Number of protein chains: 2
Amino acid sequence: MKWAIGVDLGGTHVAAAPVDERGRVHNVYSRELESHDVKYVVTEAAKVVGKAIASLDKRAKLSGIGVGSPGNIDERTGTVRFSPNFGWHDVALKQKLEKKLGRPIHLLNDARCATIGEYLHGVGKGARDFVLITLGTGIGGGIVANGKLVLGHTMAAGEIGHHVLRESSGFVCTCGKTGCFEAQASGTALLRHALALAPSFPRSTLLTGTPQVDWGSKMISRAAAAGDQHALATWHAWLRDLATGIANIIAFVNPEMIALGGGVGRTDDSLLVTPLTRLVDEQTTMAPKHQTTIVRAKLGNNAGIVGAACLALHGIP
Amino acid sequence: MKWAIGVDLGGTHVAAAPVDERGRVHNVYSRELESHDVKYVVTEAAKVVGKAIASLDKRAKLSGIGVGSPGNIDERTGTVRFSPNFGWHDVALKQKLEKKLGRPIHLLNDARCATIGEYLHGVGKGARDFVLITLGTGIGGGIVANGKLVLGHTMAAGEIGHHVLRESSGFVCTCGKTGCFEAQASGTALLRHALALAPSFPRSTLLTGTPQVDWGSKMISRAAAAGDQHALATWHAWLRDLATGIANIIAFVNPEMIALGGGVGRTDDSLLVTPLTRLVDEQTTMAPKHQTTIVRAKLGNNAGIVGAACLALHGIP
């Protein structure tokens, strides 16, 4: 049995685990990140990787180490060109990690890693045309077409969160454009919709006293399920934009399956997958309807770790 | 030298020509279509195919016949599921053409055929990640990723004209949605922008006495080049939506090259490719800028014929 270490570099934590060639994750080691200072992040990553390696049986064959990092990554040079969440510009992450670990690593965008994880060992197993959408603070994604991950000419394919679906009339995105899929339909977009709709619900207590930093999709989905009118309107406005983005994905690549990952992807099917499937079908005009299955992703937080390990075990599919 | 017959089924004409294995087109035979009645179209197509075959040298090796047809086509069954331009629903075109011709044919969507033509023998030669946009009455397209045409699960990938970029605030599309790329940025969309902007130019003579059926991009681009203010505003509004759609394509598949085909694609670079490249760069936020080359397509009206012939000569790339 071959093994690899998969590393997931997230906004708040760095996690690493040994993953076997069947995609099974053993002993996840995680550390909280208190800053995004490059040197600090590299040191913390090295700590969890060290623990993951130490946990392996002495006779285990270690194929290598794979790392998923946020941002736009040049996989050929191992440089993070731009990560708005980490505030990184042209960070030679591969080089720095390799120097710290004394071993070669494989580096890929985190959402593309999660896509590989779900495609090879999760819900997308067997689907030749597959898309993962990670719904969290932002929207990440990955596209598998003809059984191969679409990387693009400068390794920046799959940035579905930054396609514009509400030019001019949408919310301003962190990337600088207006009406991006991420600005309209990520987890944090729920707050934007709730604020935009607030004038129509003058008696609403939905946003009263809410610590806005922690304000998430769970609260709004619970309030919507309980019948709160402001929450319901918010949820529907958000769902509609999510459906438009998904119908756009179908227009582009017509996948067999679209999986929803990230924190918001775990919402009950009755609130998310079921109404979303109906809305997407309504907006699918040039392809046969009901042919793209929308499902919850399967591997949860481990998708990125599994996919990163797959880089070292099998290469990019 | 191997040969195939390539057939392009257009809105106003059906054309066929022998194409050799190097992608060279010989003797195009074309007939005007007076209606889209299925039986009539099949008969006219058979006539031009017959002429194209008869024009071949007797010793030439004919590999087969490829046909590009508008609409959403199930390539596995040879059925045109839906063609809004032809008013067709579930037409068994492959079967009907084969019966009429007494020979097997290959059938694929016309824009995907043109993409294959430009990718194998035109401007996209050598680009592993390539997109063709046909700018005409509508917007068609085709995506090549990792060197392979993206067909999708139900063969409906590449319908880039029906991805929404101006949800709610855009023009109504022939497909029923609002703000589709095609509704905003096709050749006919220029008239929509001109009409929408007319109230701001009360003294404009741009639309006066214009036969609106033939009203095209040439007239508006000429008037814009001549400094007509209404035409300039129209051209810029249209270019901006075209740029948004192209930036969306880059966000999805990050191609090395995007080629502009169709009638409007022939517009002078100074009016189209040059300003468009600048606008697209401004809207490319998550990929390195200036890395996708935007160019005019090369094969003109023959792109579809060449690509259709390639189906018979080499199969789908």
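Our structure's up above, just so we're on the same page.
Residues numbered from 1 in each chain as written. Chains lettered and ligands numbered in written order. Predicted model: local features only at pLDDT ≥ 70, side-chain atom pairs only at ≥ 80, totals over all residues. Heavy atoms only, no water.

**Thoughts on the pairing of strand β2 (residues 13-20) of chain B**
All names here are of chain B.
- Of all eight residues in β2, seven are buried, a share of seventy percent or more.
- Where strand β1 (residues 2-9) meets β2, seven bridges bridge the pair, whose relative direction is antiparallel. Bridging across to β2, leucine 9 finds its partner in valine 14.
- The hairpin formed by β1 and β2 contains three residues between the paired strands.
- Direction of pairing for β2 relative to strand β3 (residues 29-32): antiparallel, over a ladder of four bridges. Bridge pairing in β3 places histidine 13 opposite glutamate 32. (Buried < 20%, exposed > 50% of the residue type's maximum accessible area, 1.4 Å probe, protein only. Helix = DSSP H or I, 4+ residues; strand = E, 2+ residues; numbered from the N terminus. Pairing = 2+ DSSP bridges.)

**Brief notes about the packing of helix α6 (residues 217-225) of chain B against helix α7 (residues 229-253) of chain B**
All names here are of chain B.
- In the contact formed by α6 and α7, the axes pass within 7 Å of each other and the chain directions differ by 115 degrees. The interaxial crossing formed by α6 with α7 has left-handed handedness. On α7, the residues that touch Ser217, Ile220, Ser221, Ala223 and Ala224 of α6 are Ala231, Leu232, Thr234 and Trp235. (Axes fitted to C-alpha atoms, helices over the stretch in contact; angles between N-to-C directions. Left-handed = near helix turned anticlockwise from the far one by under 90°. Contact = heavy atoms within 4.5 Å.)

**Re unusual backbone geometry**
- Within the chain, A:Asn146 stands out as a residue other than glycine whose phi angle is a positive 55 degrees.
- Note on placement: A:Asn146 falls in the loop between β10 (139-145) and β11 (148-149).
- In this structure A:Asn146 comes out as buried when scored by relative accessible area, which is 16%.
- The backbone of B:Asn27 shows a phi angle near 50 degrees, a positive value even though the residue is not glycine.
- By the element assignment, B:Asn27 lies in the loop between β2 and β3.

**Quick word on the environment of B:Thr285**
- Summarising the element assignment, B:Thr285 is placed in the loop between α8 (273-283) and β13 (293-296).
- Spatially, the C-alpha atom of B:Thr285 lies 24 Å from that of B:Ala183, the residues being 102 residues apart in sequence.

**Comments concerning the sheet that holds strand β8 (residues 105-109) of chain A**
Residue and element names in this part refer to chain A.
- Pairing within the open sheet is mixed, and its five strands lie in the order β3-β2-β1-β4-β8. Looking at the sheet topology across the chains shown, the edges are occupied by β3 (29-32) and β8. Averaged over all pairs of adjacent strands, the angle between strand axes in this sheet comes to 20 degrees, irrespective of strand direction.
- Note that strand β1 (residues 2-9) and strand β4 (residues 61-69) share seven bridges and pair parallel. Following the sheet pairing, isoleucine 5 is matched in β4 by isoleucine 65.
- Helix-sheet contacts for helix α3 (residues 110-121) involve β1, β4 and β8, and the interaxial angle to β8 is about 100 degrees.

**Concerning the interface of chain B and chain A**
- In this assembly, 49 residues from chain B lie in contact with 50 residues from chain A.
- Interface area for chain B against chain A, summed over the two sides, is near 4300 Å², with a carbon-plus-sulfur share of 57%.
- Summed over the shared surface of chain B and chain A, the number is four salt bridges.
- For A:Glu167, the salt bridge identified is with B:Arg166, shortest N-O distance 2.8 Å.
- Of all the secondary-structure elements, those providing two or more residues to the side of chain B that touches chain A are β6 (79-83), β10 (139-145), β11 (148-149) and α7 of chain B. (Buried area = accessible area lost by both parts, 1.4 Å probe. Salt bridge = Lys/Arg side-chain N within 4 Å of Asp/Glu carboxyl O.)

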